[in-house]
Amino acid sequence: MSDHTGSSQGQSVSRPEDENLGVAANLMYGLQHVLTMYGGIVAVPLIVAEAAGMSAADAGLLVTACLFMGGVATLLQTLGLPFFGCRLPLVQGVSFAGVATMVSILHTGGGISGVLGAVMYASVLGLVIAPVFSRITKYFPPLVNGCVITVIGMSLMPVAAHWAMGGNASSPDYGSMGNVGLAGLSLFMVLLFSKLGSATLSRLSILVAILVGTAAAVIMGKADFSQVFNGPVMAMPAPLHFGWPTFNMAATISMFIVILVILVETSADVLAVGEIVGSPVDGRRLGDGLRADMLSSIVAPIFGGFTQSAFAQNVGLVAVTGIKSRYVVAFSGLILIVFGVLPIMGRIVACVPPSVLGGAGLVLFGTVAASGIRTLAKVEYTNNMNLIIVATSVGAGLLPVVAPKFYDQFPEWFATIFHSGISATALVAVTLNLVFNHFKRGNSDQPSVFEAGYGRALSKTVLDALADGDRVEGGKVYDKDGKEVPILPVAAHGH
């Protein structure tokens, strides 16, 4: 078995992600990952359940199914099977990319079985085309990868702000000083334990900050654990509880566009975490990661789950803590499965106030952006168009972040793709890198204003006009004998 398969034999044990920290450490660090992404993984089924008009019991089953499948998908991605799983520390869960499309299918009469069918059959198509995406690693040099990683972090900042303000825009205390104060407390605790704590405590700074913040929230009356015991303690996900997924061509095509977005985002996340961990990602390894995503998304509808993809916020956690072990994230998968069969555990975690998560999120998401900037620092900007590629790609990725309604008037397929800042950045950066750095025919030999804005450059025309021994003093040009060389006016020079 080759090195990328994650075998415990031979060279593979030297890879950073293959370090096994032991059960206790894996459990603590794994729980930290789950707390970071828990709100995101339950939000999608809750939104879909509300749009479908489900009962509280069915909504709970939908949440349970998504937790369970997130855990299964995480185990597949981190531990892997032959041809499935990139074996990197990536937490998997329900993708936000499909929310609008799934709600649209519900509103057009497809019902929950139509949503599940669209997810299943579109994911089959995604599995078929995954090998195509696995060959794109050569089109993700540090120039492209750095843009994508930077925008991943920046595009998550509104999530951190929303959490810090309370997580519920319709709540009367949304944005109150109490909520923002809790976010500030958790941020302060992260910084404090990162500076003063031991190596272990520093790595657990996010988890400790969340625990301290939650304790403060209880004292302030902003965390309520009274409903923890309302509901079943244990409930196994029931296969086909919502019926067999039904096929509809239009719904499947709509969801396939979402699958394309997920494939682009997952490619970016796999490459990003490989960069952060310091482990090379070749086409085969990327293909294994994409196939794991698609296989999980095919199986998920049987249990009532939706499309699965890597969670970008957990990429940030890997960067913050420096814990690169995939076994830590595998334990996150086990914890998610436990939450999926023990709803009471999920209800306990759900009591953590969003404002507490907001302070930690600021560090997590900011670290992702900082990692991208660090990657962009490796890029050569002299005598090329890389600066404009970075500027345009990052700008395109931030458009839907700073103006969420920007693409409302665009065709639905276009809006679906470009409303994700991550996929927009990846597509624009890859395209411009090809246009300017691979297909160089037609490129001007004159330096652009963007090039000149970064550093000094002379055109070949100016260079050819100079003779040996020429020098510049006080804005004037002198030849080797000290005679001043006249400078023609621009108009005269143009004839």
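Attention in this report is confined to the structure presented alongside it.

Reading the values: rules and limits
Residues numbered from 1 in each chain as written. Predicted model: local features only at pLDDT ≥ 70, side-chain atom pairs only at ≥ 80, totals over all residues. Heavy atoms only, no water. Helix = DSSP H or I, 4+ residues; strand = E, 2+ residues; numbered from the N terminus. Buried < 20%, exposed > 50% of the residue type's maximum accessible area, 1.4 Å probe, protein only. Contact = heavy atoms within 4.5 Å. Areas by Shrake-Rupley, 256 points an atom, 1.4 Å probe, with all protein chains shown as cover. Phe/Tyr/Trp six-rings, centres within 6.5 Å; stacked < 30°, edge-to-face > 60°. Pairing = 2+ DSSP bridges. Expected span 1.5 Å × (residues − 1). Bend = angle between axes of the 7 residues up to and from the residue. Axes fitted to C-alpha atoms, helices over the stretch in contact; angles between N-to-C directions. Parallel < 35°, antiparallel > 145°, perpendicular 65-115°, else oblique. Left-handed = near helix turned anticlockwise from the far one by under 90°. Nonpolar A, V, L, I, M, F, W, Y, C, P; charged D, E, K, R; others polar. Patch = residues over 30% accessible without salt bridge, like charges linked within 9 Å, V, L, I, M, F, W, Y side chains within 5 Å. Salt bridge = Lys/Arg side-chain N within 4 Å of Asp/Glu carboxyl O. Polar contact = N/O pair within 3.5 Å; in protein donor to acceptor, adjacent residues only side chain to side chain.

**Structural notes on the overall build of the protein**
Here is step 1 of the chain: Within the protein, the secondary structure is distributed over 21 helices and 5 strands.
Here is step 2 of the chain: Looking at the protein as a whole, 50% of its 495 residues are labelled buried.
Here is step 3 of the chain: A separation of at least 24 residues holds for 79% of the contacts in the protein among residues at least 6 apart in sequence.
Here is step 4 of the chain: Here the protein has roughly 22200 Å² of accessible surface; of this, 66% comes from carbon and sulfur atoms.

**Considering the packing of aromatic side chains**
Here is step 1 of the chain: Throughout the structure, instances matching the rule amount to 9 aromatic pairs.
Here is step 2 of the chain: Relative to F303, the ring of F68 lies with its centre 5.6 Å away and its plane at 50°, an arrangement referred to as tilted. Residue F68 is located in helix α2 (residues 56-78), and its partner F303 is located in helix α11 (residues 283-303); the two are separated by 235 residues in the primary sequence.
Here is step 3 of the chain: For F68, a relative accessible area of 14% gives the class buried.

**A closer look at the sheet that holds strand β5 (residues 484-485)**
Here is step 1 of the chain: With respect to topology, 3 strands assemble into an open sheet ordered β3-β4-β5, the strand pairing being antiparallel. Two strands close off the open sheet at either side, each with one partner strand: β3 (471-473) and β5.
Here is step 2 of the chain: Across 2 bridges, strand β4 (residues 476-478) lies against β5 in antiparallel orientation. Residue V477 lies in a different strand from β5, and its bridge partner there is V485.

**Considerations on helix α4 (residues 111-133)**
Here is step 1 of the chain: Taking 1.5 Å per residue, 23 residues should reach 33 Å; α4 reaches 31 Å between its end C-alpha atoms and fits that length.
Here is step 2 of the chain: The sharpest bend along α4 measures roughly 35° and falls at L127, with the proline P131 sitting one to four residues further on.

**As for the packing of α4 against helix α10 (residues 249-277)**
Here is step 1 of the chain: One way to put it is that α4 packs onto α10 with a least axis distance of 8 Å and a crossing angle of 45°. Taken together, the axis directions place α4 and α10 in an arrangement best described as oblique. Pair α4 / α10 crosses with right-handed handedness. Contacts between α4 and α10 involve A118, V119, Y121, A122, S123, L125, G126, I129 and F133 from the first element and A251, T252, M255, F256, I259, L260, L263, V264 and S267 from the second.
Here is step 2 of the chain: Partitioned by chemical class, the residues of the contact of α4 with α10 number 14 nonpolar, 4 polar and no charged.

**Quick look at a nonpolar patch on the surface**
Here is step 1 of the chain: A contiguous nonpolar surface patch, about 280 Å² in accessible area, is contributed by M165, M177 and V180.
Here is step 2 of the chain: Tracing the backbone shows M177 in helix α7 (residues 177-196).
Here is step 3 of the chain: Judged by its relative accessible area of 68%, M177 falls in the exposed class.

**Some thoughts on helix α5 (residues 142-155)**
Here is step 1 of the chain: Under the 1.5 Å per step criterion, the end-to-end length of α5 is 19 Å for 14 residues, consistent within 8% with the ideal 20 Å.
Here is step 2 of the chain: With 12 of 14 residues buried, α5 is to be regarded as a mostly interior element.
Here is step 3 of the chain: By the burial criterion, the buried members of α5 are L143, V144, N145, G146, C147, V148, I149, T150, V151, I152, G153 and S155.
Here is step 4 of the chain: Looking at the packing, one finds that the buried side of α5 touches α6 (157-164), α10, α12 (312-321), α15 (354-376), α16 (386-402) and α18 (421-438).

**Considerations on the side chain of S123**
Here is step 1 of the chain: Structurally, S123 is set in helix α4.
Here is step 2 of the chain: Apart from the residues within four sequence positions on either side, S123 is in contact with I259, M294, S297, I298 and T307.

**Observations concerning the side chain of S297**
Here is step 1 of the chain: Looking at the secondary structure, you find S297 in helix α11.
Here is step 2 of the chain: Among the polar contacts made by the side chain of S297, one reaches the main-chain carbonyl oxygen of D293 at a distance of 2.9 Å.
Here is step 3 of the chain: The residues touching S297, leaving out its near neighbours within four places in the chain, are V119, M120, S123, F306, T307 and Q308.

**Details of the pattern of salt bridges**
Here is step 1 of the chain: In total, this model carries 9 salt bridges according to the counting rule given.
Here is step 2 of the chain: A salt bridge links D173 to K222; the nearest nitrogen and oxygen atoms lie 3.1 Å apart. Pair noted here: D173 is in the loop between α6 and α7 and K222 is in the loop between α9 (205-220) and α10, with a separation of 49 residues, a long-range link.
Here is step 3 of the chain: The partly exposed category is assigned to D173, whose relative accessible area is 31%.

**Concerning the packing of α7 against α9**
Here is step 1 of the chain: For the pair α7 and α9, the least separation of the axes is 8 Å and the interaxial angle reads 145°. In the crossing of α7 with α9, the sense of the turn from one axis to the other is right-handed. Contacts from G178, L182, L185, S186, M189, V190, F193 and S194 in α7 reach S205, I206, V208, A209, V212, G213, A216, A217 and M220 in α9.
Here is step 2 of the chain: For the contact of α7 with α9, a count of residues per class yields 12 nonpolar, 5 polar and no charged.

**A look at the environment of L182**
Here is step 1 of the chain: With respect to the element layout, L182 can be found in helix α7.
Here is step 2 of the chain: On the basis of relative accessibility, which here comes to 2%, the residue L182 falls in the buried class.
Here is step 3 of the chain: Residues L182 and P354, spaced 172 residues apart in sequence, show a C-alpha to C-alpha distance of 9.4 Å.

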